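# Chains, contacts and geometry: an overview
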Amino acid sequence: MRTGDERSRYGVRLLGAVSTIAGVAGMVWTARETHRKHQDISTLAGVLGIGFSALGLIVGAASLLISWLTYQADRREHADALSPSDIADEFAVAVRVQWEAEARVRRLNDPYPLPVSWLPADSELTEPWPVLLRITRTAPDAWPADSDALAGTDDQIVDVFTRQVPGGRLIVLGEPGSGKTMLLVRLLLDLTGRRAAGAPVPVIFPLASWNPAEQELDAWMAHRLSTDYPGLAAGYGITNRAHALLERRLVIPLLDGFDELPPRHRAMALDAINRALPPGHQLVLSSRLTEYRAALAPASGVPVRLTAAAGIELQPLTANDASAYLRRDAGGEGTYSAARWDLVASLLGSASPVGRALTTPLALFLARTIYNPRPGEGTADLPIPSELCDPARFPSPGAIRLHLFDAFVPAAYRAHPGRSCRWTPEQAERYLGFLARHLERNVGGAVDMAWWQLRLAVPPRVLRLMTGAALGTVLYIVTLVLFLASVAGAAADLHGVWPSLTQAASVGVWPLWTFDDMSADWTGLAVTVALILPLVDLIIGLILSWATGLRPRTVPATRMRWSGSLRVLLFSLGIAVAVGVPLGIRFELPAGGWGIAAGLVVCLVTGWGTAPADVAAAASPSALLGQDRRTLRLFTGTGVAGGCILGLGLGIVLAFTEARVSPNDEPLSHDLLDGALLGLSVGLLSGLVLGLATALNRTASGPFALTRHYLAARHSLPRDVMAFLADAHERRGVLRQVGTAYQFRHIDLQHRLAERP
C-alpha cells in the first residue's frame, strides 16, 4: 500500500500544478478581456472577478507549496535528530516482529520447541580457553574456568551467549538439519526480548549471498540491512543508517550458513570476518561441522580460524525426544494416528537406517509433514510411517533422507479439509524444481530467491524483444483508437469541435497520413491497419526499448529522483529533430515548436532515475514489489502529464501564431481549440509511450511482469508467481523468508529439487 507521506506528496504536487495552470490561464484571459472596448460595467466586473479568483488560485498554490516544504523540513529535522541508539531501538522492534512471524510460519513452537542440546566444540576448532580469557581483557573470575560451562539445551542459549562466552563470540556447529538456524532464531528472539534501550540489535545474515572475494563483510552487511530493512537506507550524515549502526557496534551479526559458501572462499571468509569484526565485536557464526573443520585446514595457504571465539556442537536428538515429538504431533499418546509410529519408535536410537536418520529437527519436520494428519484429515490416504523401516527399500540413512525430501513437497501440497490449494502437488513440484534450477544455474548457486532476479531465467534478447513488443502494442492500440475517432468524425460529417479532434487523432496514426479521404481505398487502408501499422509500431517500440534500456535497473526501485546526463540530452535532441520535422511538414506548422515539445517530454521522462525508499519497517518481497510498481506507474504518469501539459500549451501557442500569421474566417476560439486538441493528442501519445518505455527499464517490476508471463506460457511457473511463493512460505512450509527474498527451507532441499528433471 502507498504510505500516507507518498499520497500527501503526490496530492500536493497535483493540486499545486492544477491550481497554478488554472490560475495562469485565468489571469491571461482576464488581461485579454479587460483590453476589449465597449464593455459595460457588469461585464467588466465579471471579468475582474474571474481574474481575482485566478490570482487566488496562484496564491493558494504558493501557500500550499510553502506549507508542504515547511512540513517536509520539520520531518527531515526530526529524522536527523534521531541518534543511532534511537534508530537501533526502532530497528529492534522491526526485527523482533519479523522473526516472531517467521517462527510461527516455520512452526518452531508447534506442537512445542524441540529440545535441542549442545556440548562444547572440539578445542581444535576454537580459540584455546586461556587465550580467549586473555584476549577479552577482563578479570578471569568474571568467566567460567573452562569451556565445559558452555553445555546447555533449549532456551539456555541466550544465557550461554551472554554469560558464559568471554567476549560474546560464538561458533555454532552441527550436522545437516541439526537445528543451527532454529537455534539462531531462538537466540535472536531471546536477545531482543531482553534488550535494553540503546543496546545492540541481533540480526541474522545468510552468508550464502556473500562473495568474500568481491566484497568486504561490513559493506555486504550494510547492503543486506539496507535491502532487507529499507528504512536503514535513509541518509545519516555522510552515510546511511545501516552503516551508522554497524560503525557504532549496534548490530550483533548472527552469520548463518558458513558451509553454504563455496569451499574456495571459506578460508578467505574467515579472514574477512576477523578483519571486519575483530575481538570486541559480538558475533555468532553457524556452520556444518565437517565443512568448518575443512576450512581450518585448507589444501593450500595459511590456516585461518575465527579469532577469540568459543564454540558449541549441537547433539543428535535422543530416541525418547524424537518419539515423543512425532507422537505428540500426530495427536498424542492413545490415538490411532500416534500408534502408527510404534514400529519406527522401537527402532529409534538403534543402528538401523531409520534409527540413524530420524535424529535431527529437519528429519522430524519432514517426517511429520509426510506421515501425520492435519486437523480434520484422516489417515486412510496417508503413507504409513512403518515403510521407513524396510531395509530393502531404504538400506541407509541417506536413502531415507532422500525419500523424505522427495515426498515432502507432495505432502505439503496435498488437499486438506478447509484448506484449498490453487496448485496441485505435481504443479508445485514442477514450479519449485524450476526455481531450484534457476538458483543453481542462473544465480550462481545462490539461496536468495529474489523476484527481481527471475529476469535472469529469460534470454536477454528475448526480454528486450518482449519489451519492444509491449511498447509497440500500447502504441498500436492508442493509435488505432485515435484513428477510429477520425473515421467516426469523417463519417458523421461533424462540424465545429470535431474536425479539430479528427485532425488531432491523425497525428498518432503515422502510417495513415496518406489517407486524407477516409472513404477511399478501403483495401489499402485495411492492409495498413492490419500489417503496416503493427510493424511500424513494433519497430518504434524496439527502438524506444533499446534507447531507454541503455541504463536499465536490475534491482527494485522505490522512488524517483532526477539523474539527467549527457546521453539524455543527446537523445532528447535527436527526438526533437525526428518528431519536429515530419509534424511540421504534415501540418504546415513550425517544425521547431513540435520538436522542442517532444524533446522536452523525452528529457523529462528519461532523465528520471530511481532511489531507495525511506520506510521504517522490515520489508517483505510483496511490499518491495508494490513499491516498485508504484514507481513504474509514477514514471508512466509523469510521461503522460508532461506530454499533455507541454502539448496543450504548445498547441495553443502555435495555433494562435498561425491565426495571426495566416488569418482565416474561423473564430479565434475555434483555432485555439483545434490547436489545444491537436497538442493534447500529440502529448498524450508521445508522453504515454515514452513514459512507459522508461518505466519498463527504470524499474524491476516491468521486466518481472514480462518474465512471469513468458515463464507461465512455457509452464515453468504460475502466472501469479508472488501468490505461489507466499503460499509456499506461509502455508506449506517449503520456503522461508529472509528480508525481501525467499529461500528454500533447507539448502539440501534446494539441491535435491534442482537435481530432479
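Residues numbered from 1 in each chain as written. Predicted model: local features only at pLDDT ≥ 70, side-chain atom pairs only at ≥ 80, totals over all residues. Heavy atoms only, no water.

## Focus: the overall build of the protein chain
For clarity, the cut-off: Secondary structure elements are taken from DSSP: a helix is a run of H or I of four residues or more, a strand is a run of E of two residues or more, and numbering for both begins at the N terminus. Burial classes follow relative accessibility: with a 1.4 Å probe on protein chains only, a residue under 20% of its type's maximum area counts as buried, one over 50% as exposed, and anything between as partly exposed. Two residues qualify as a contact provided that any one of their heavy atoms is within 4.5 Å of a heavy atom in the partner residue. Residue exposure ignores everything except the shown protein chains as possible cover, and the areas themselves are Shrake-Rupley values with a 1.4 Å probe.
From N to C terminus, the protein chain includes 27 helices and 13 strands. The 757 residues of the protein chain split such that 50% are buried. Of all intrachain contacts in the protein chain linking residues separated by at least 6 positions in sequence, the fraction that spans at least 24 positions is 77%. Of the roughly 34400 Å² that the protein chain leaves accessible, carbon and sulfur atoms contribute 62%.

## Some points on the confidence of the model for the protein chain
We count it as follows: You can read pLDDT as the predictor saying how much it trusts each residue, on a scale of 0 to 100.
Averaged over every residue, the pLDDT of the protein chain is 79; the share at 70 or more is 71%. With pLDDT under 50 throughout, residues 44-64 is counted as low confidence; its partners more than four residues away or in other chains account for 27 contacts. pLDDT under 50 marks residues 73-79. Its contacts with residues more than four places away, or in other chains, come to two contacts.

## Describing a nonpolar patch on the surface
The condition that has to hold: Patches were defined on residues exceeding 30% relative accessible area and lacking a salt bridge, with like-charge contacts within 9 Å and nonpolar side-chain contacts (Val, Leu, Ile, Met, Phe, Trp, Tyr) within 5 Å. Every case where a carboxyl oxygen of Asp or Glu lies within 4 Å of a side-chain nitrogen of Lys or Arg is listed as a salt bridge.
Taken together, the side chains of L535, I539 and I543 make up a nonpolar region of the molecular surface, amounting to roughly 290 Å² of accessible area. By secondary structure assignment, the location of I539 is in helix α20 (residues 522-548).

## Regarding the pattern of salt bridges
Taken as a whole and assessed by the stated rule, the structure comprises 29 salt bridges. A salt bridge links E429 to R756, with the nearest nitrogen and oxygen atoms 3.0 Å apart. Here R756 lies in the segment after α27 (747-755) and E429 lies in helix α17 (residues 425-441), a separation of 327 residues in the sequence. A residue is classified by how much of its surface remains accessible, and E429, at 22% relative accessible area, is partly exposed. Overlapping salt bridges, with partners in common, bring together R107, D110, D329, R368 and R374 in one network.

## Some points on helix α4 (residues 129-136)
An α-helical turn contains 3.6 residues, so a residue and the one three or four places further along point in the same direction. What counts is decided by this rule: The directions considered for the arc run from the helix axis to the C-beta atoms.
What α4 keeps buried is the set W129, L132, L133 and T136. Each buried residue of α4 sits inside an arc of 100° when the element is viewed along its axis, so together they form one side. Exposed residues pointing more than 90 degrees away from the buried face of α4 are listed as P130 and R134. Against the buried residues of α4 lie α5 (157-164) and β9 (310-314).

## Let's talk about the side chain of N240
The following threshold applies: Under the rule applied, a polar contact is a pair of N or O atoms within 3.5 Å (in protein, one hydrogen donor and one hydrogen acceptor; residues adjacent in sequence only if both atoms are side-chain atoms).
Tracing the backbone shows N240 in strand β6 (residues 239-240). Here the side chain of N240 touches H243 through a polar contact of 2.9 Å, landing on its backbone nitrogen.

## Structural notes on the packing of helix α16 (residues 397-412) against α17
Under the convention used in this document: Helix axes are fitted to C-alpha atoms over the stretch in contact, other axes to C-alpha atoms as well, and angles between N-to-C directions run from 0 to 180 degrees. Note that the term roughly parallel is reserved for angles under 35 degrees, roughly antiparallel for angles over 145, roughly perpendicular for angles of 65 to 115, and oblique for everything else. Handedness of each helix crossing follows the sense of rotation of the near helix against the far helix: counterclockwise by less than a right angle gives left-handed, clockwise gives right-handed. Lys, Arg, Asp and Glu make up the charged group, whereas Ala, Val, Leu, Ile, Met, Phe, Trp, Tyr, Cys and Pro make up the nonpolar group; the residues left over, Gly among them, are polar.
The geometry of α16 relative to α17 is characterised by a closest axis approach of 8 Å and an angle of 125° between their N-to-C directions. One way to sum up the angle between α16 and α17 is to call them oblique. Relative to α17, α16 is oriented so that their crossing is right-handed. Between α16 and α17, the residues in contact are D406, V409 and P410 and P425, A428, E429 and L432, respectively. Classifying every residue of the contact of α16 with α17 gives five nonpolar, no polar and two charged.

## Some thoughts on unusual backbone geometry
For the bond running from D110 to P111, omega is 0°, close enough to zero to count as cis. Along the chain, P111 falls in the loop between α3 (84-105) and β1 (117-120). Phi is positive for R107, which is not a glycine, with a value near 55°. Structurally, R107 can be placed in the loop between α3 and β1. Residues other than glycine seldom take positive phi values, yet D154 does so here, at roughly 55°. Looking at D154, the relative accessible area reads 23%, which means it is partly exposed.

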